[in-house]
Amino acid sequence: MVLMEIRCKQCNRKLANVSDYQFIEIKCPRCRHLNQQRATSSKPPKETHRGYPNHSLDGRQAPPS
């Protein structure tokens, strides 16, 4: 999951961290500016995993015995 930080376009105050949205509208409590933002894509990019996702040594070398 990729979190995106939403900041006020007027005063740059951090308003929220969001992971999935199509349209968001937030009124800044500091300057009262109404911030509106649309997602650039409908779904966030998928995270890619190498190897076997549940393997304990995924992508690492085993310690010497």
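Residues numbered from 1 in each chain as written. Predicted model: local features only at pLDDT ≥ 70, side-chain atom pairs only at ≥ 80, totals over all residues. Heavy atoms only, no water.

Under an unreviewed UniProt entry, the chain has the name Mu-like prophage FluMu protein Com and belongs to Vreelandella subterranea.

Caption draft 1: Expanded view of the pairing of strand 3 (residues 23-27). Along strand 3, the buried face is formed by Ile24 and Ile26; none of Phe23, Glu25 and Lys27, which line the opposite face, is buried. Note that strand 3 and strand 4 (residues 34-38) share 5 bridges and pair antiparallel. What sits directly across from Ile26, in strand 4, is Asn35. Connecting the antiparallel pair strand 3 and strand 4 is a turn made up of 6 residues, with Arg32 showing a positive phi of about 70°. (Buried < 20%, exposed > 50% of the residue type's maximum accessible area, 1.4 Å probe, protein only. Helix = DSSP H or I, 4+ residues; strand = E, 2+ residues; numbered from the N terminus. Pairing = 2+ DSSP bridges.)

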